[in-house]
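# Notes for the structure review
Residues per chain, in single letters:
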Amino acid sequence: MDKTIIDLDIGNEIDWVPSYLAESAWLEHIPFAFWLMKTLKPRLLVELGTHWGVSYSAFCQSIEQLQLDSRSFAVDTWAGDEHAGYYGEEVFSSINILNQTHWRRFSSLLRMSFAEARQYFSDGEIDLLHIDGLHTYEAASDDFMLWKKTLSQYGVVLFHDINVRERGFGIWRLWQDLKNDYPHFEFSHGHGLGVLGVGQEFSAPLKTLFAASSCSVQAAKIRNLFAARGEGVQLRWDFRRVGLHLQKIEEEKNISNLTVRQLKEKAEILQSNFDSEINCLSKDLREARDNIAKDQIKISKMVESLEHQKLSLKINNDELESKNEKIKILEQEKE
């Protein structure tokens with residue numbers, strides 16, 4: 001094995017299974033986060049910009065598995081910005097439940113702006129600072145300058161997205177400025193991650209990492225090692241995401257099947273009600289027809305009776321006229 005890799009003191013931590021995964025460009029840096037936490041052993045770490053909590057969960061998992069005497073703080077408004085996108089309350093709710101369930105012994109979430117949170121930290125007490133907020137040059141530069149004094153003599157700063165050069169991202173320019181003044185190392189995979197040594201005292205593995213930055217061969221070996229492990233984490237998430245997608249499809253299918261069954265049952269009930277209504281109407285129609293037939297018979301008899309009465313009346317009239325004629329004749333004879 002290459003001496004540089006040996007001097008980094010890499011153990012099985014880079015192959016740990018992450019306890020929490022979500023959609024994030026930070027997934028591919030989780031193995032490096034595990035190694036950095038083992039190497040740096042920060043007494044206090046602060047993350048500026050947490051979103052779904054992929055990077056923060058990696059730090060917290062390390063504290064737990066390495067049994068470090070560390071405190072950690074995640075600072076975020078959990079409202080989003082123009083680069084991360086704007087989102088609803090579900091994001092904070094998710095990370096808050098995760099934090100309360102697993103890490104509340106040493107971890108706190110500060111729901112506020114980075115500037116508001118600054119007052120709660122003293123100069124020189126932070127060993128690890130992760131800056132992952134709004135990625136314009138101005139915003140990232142302001143964040144670094146505002147929090148720079150909080151860094152301890154062991155202080156390391158992480159900058160995410162140093163390899164993104166679109167959509168107004170300017171942190172790559174800030175990284176170009178800062179790396180000229182401090183020991184550093186940069187990764188290009190996973191949107192890029194810059195590691196800046198702002199302190200004065202570093203462990204031997206960290207010194208090896210920073211020193212490798214000046215040697216393209218050594219730097220490439222380190223980058224390839226962590227990129228390969230990061231790709232494994234990304235694939236793990238991709239498989240899980242596919243599984244979640246298939247599960248969602250299955251649930252939607254079950255819901256669709258349930259809906260079809262419910263609609264079928266409702267249709268059967270409607271058909272049954274319709275058949276009952278038709279039967280009732282048919283019965284009423286038959287009864288109405290029977291009543292009409294009976295009425296027609298009655299009417300026929302009444303017509304026949306009326307005809308008979310008319311005939312009788314005519315006969316009576318004829319007889320009456322005949323009698324009247326006879327009376328007239330008799331009266332004439334008398335005269």
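First, a word on what this report is: a plain description of the structure on this page. Here the structure is a predicted model, which is why all the values come from computation and not from measurement.

### Points about the overall build of the chain
When helices and strands are tallied, the chain shows nine helices and nine strands. Residues classed as buried in the chain amount to 40% of the 335 residues present. Considering only contacts in the chain between residues 6 or more positions apart, those separated by 24 or more positions represent 77%. Per element, the accessible surface of the chain, about 19700 Å² overall, is 53% carbon and sulfur. Averaging the positions of the 39 positive and the 51 negative side-chain charges in the chain gives two centres separated by 3 Å.

### What about unusual backbone geometry?
Outside of glycine, negative phi angles account for most residues, and trans bonds account for most peptide bonds. Residue Asp9 is not a glycine yet carries a positive backbone phi of 55°. Along the chain, Asp9 falls in the loop between helix 1 (3-7) and helix 2 (30-40).

### Observations regarding the packing of helix 2 against helix 3 (residues 54-66)
One way to put it is that helix 2 packs onto helix 3 with a least axis distance of 9 Å and a crossing angle of 40°. Classified by the interaxial angle, the pair formed by helix 2 and helix 3 is oblique. As for how helix 2 packs across helix 3, the hand of that crossing is right-handed. Two secondary-structure elements touch here, helix 2 through Ile30, Ala33, Phe34, Met37 and Lys38 and helix 3 through Val54, Ala58, Phe59, Gln61, Ser62, Ile63 and Leu66.

### As for the packing of helix 6 (residues 137-147) against helix 7 (residues 171-178)
Between helix 6 and helix 7, the shortest axis-to-axis distance is 7 Å and the interhelical angle comes to 45°. Classed by the angle they form, the pair helix 6 and helix 7 counts as oblique. Helix 6 and helix 7 meet at a crossing whose hand is right-handed. Residue-level inspection shows Tyr137, Ala140, Ser141 and Phe144 of helix 6 in contact with helix 7, the latter providing Ile171, Arg173, Leu174, Asp177 and Leu178.

### Examining a negative patch on the surface
Together, Glu277, Asp284, Glu287 and Asp290 give the surface a local cluster of negative charge. With respect to the element layout, Glu277 can be found in helix 9 (residues 216-334).

### Looking at the pattern of salt bridges
Overall, the coordinates contain 11 salt bridges when judged by the stated rule. Here Glu89 makes a salt bridge to Arg111, at a shortest N to O gap of 2.8 Å. Linking Glu89 in helix 4 (residues 89-102) with Arg111 in strand 5 (residues 107-111), this pair joins segments that are 22 residues apart in sequence. Since its relative accessible area comes to 48%, Glu89 is described here as partly exposed. Overall, Arg111 belongs to the partly exposed group, its relative accessible area being 35%. Where salt bridges share partners, they join Asp9, Glu13 and Lys38 into one cluster.

### Some thoughts on the sheet that holds strand 6 (residues 126-131)
Taking strand neighbours across the sheet as the criterion, the seven strands line up as 5-2-1-6-7-9-8 in an open arrangement whose pairing is mixed. Each edge of the open sheet is held by one strand with a lone partner, namely strand 5 and strand 8 (184-187). The average undirected angle you get between the axes of adjacent strands in this sheet is 15°. Relative to strand 7 (residues 151-160), strand 6 is paired through five bridges, and the arrangement is parallel. Bridged to Ile131 within strand 7 is Phe159. Relative to the sheet, helix 3 contacts strand 1 (44-48), strand 2 (71-76), strand 5, strand 6 and strand 7, its axis offset from that of strand 1 by approximately 165°. Lying on the sheet, helix 7 is in contact with strand 7, strand 8 and strand 9 (193-197); it crosses strand 7 at an angle near 145°.

### Thoughts on helix 6
Here helix 6 has its buried residues at Ala139, Ala140, Ser141, Asp143, Phe144 and Trp147. Residues of helix 6 that are buried make contact with strand 1, helix 5 (114-118), strand 6, strand 7, helix 7 and strand 9.

### Some remarks on the side chain of Thr150
Looking at the element boundaries, Thr150 is found in the loop between helix 6 and strand 7. Overall, the relative accessible area of 0% leaves Thr150 in the buried class. Setting aside residues up to four positions removed in sequence, Thr150 forms contacts with Arg118, Phe121, Ser122, Asp123, Gly124, Glu125 and Ile126.

### Observations regarding the environment of Val91
Positionally, Val91 belongs in helix 4. Val91 gets classed as buried once you look at its relative accessible area, which sits at 1%. With 44 residues separating them in the primary sequence, Val91 and Glu47 have C-alpha atoms 16 Å apart. The contact partners of Val91, leaving out residues within four places of it in the chain, are His51, Trp52 and Trp78.

Cut-off values and rules
- The written sequence of each chain sets the order in which its residues are numbered from 1.
- In view of the model being predicted, local features appear only for residues whose pLDDT reaches at least 70, and side-chain atom pairs are presented and counted only at 80 or more, with totals across whole chains, interfaces and linings using the full set of residues.
- Calculation of side-chain values draws on the structure's entire complement of heavy atoms; hydrogens and water are dropped beforehand.
- For helices the rule is a DSSP run of H or I covering at least 4 residues; for strands it is a run of E covering at least 2, with both sets numbered from the N terminus onward.
- Throughout, exposure labels follow a simple rule: accessible area from a 1.4 Å probe, protein chains only, divided by the maximum for the residue type, with under 20% read as buried, over 50% as exposed, and the rest as partly exposed.
- Contacts are residue-level and defined by heavy atoms, with any inter-residue pair within 4.5 Å sufficient.
- Working definition of accessibility: Shrake-Rupley area with a 1.4 Å probe, residue cover restricted to the visible protein chains.
- Residues counted as positive are Lys and Arg, residues counted as negative are Asp and Glu, and His and the chain ends are not counted.
- In plain terms, the charge of a residue is placed at NZ if it is Lys, CZ if Arg, CG if Asp and CD if Glu.
- Lines are fitted to the C-alpha atoms to define the axes, a helix being fitted only along its stretch in contact, and any angle between axes, read from their N-to-C directions, falls within 0 to 180 degrees.
- When describing relative orientation, an angle under 35 degrees is termed roughly parallel and one over 145 degrees roughly antiparallel, while 65 to 115 degrees is termed roughly perpendicular and anything else oblique.
- We call a crossing left-handed when the near helix sits turned anticlockwise from the far one by less than a right angle, and right-handed when that turn is clockwise.
- Patches were defined on residues exceeding 30% relative accessible area and lacking a salt bridge, with like-charge contacts within 9 Å and nonpolar side-chain contacts (Val, Leu, Ile, Met, Phe, Trp, Tyr) within 5 Å.
- Here a salt bridge means any side-chain nitrogen of Lys or Arg lying within 4 Å of a carboxyl oxygen belonging to Asp or Glu.
- In this scheme, strands are said to pair when DSSP sees at least two bridges between them.

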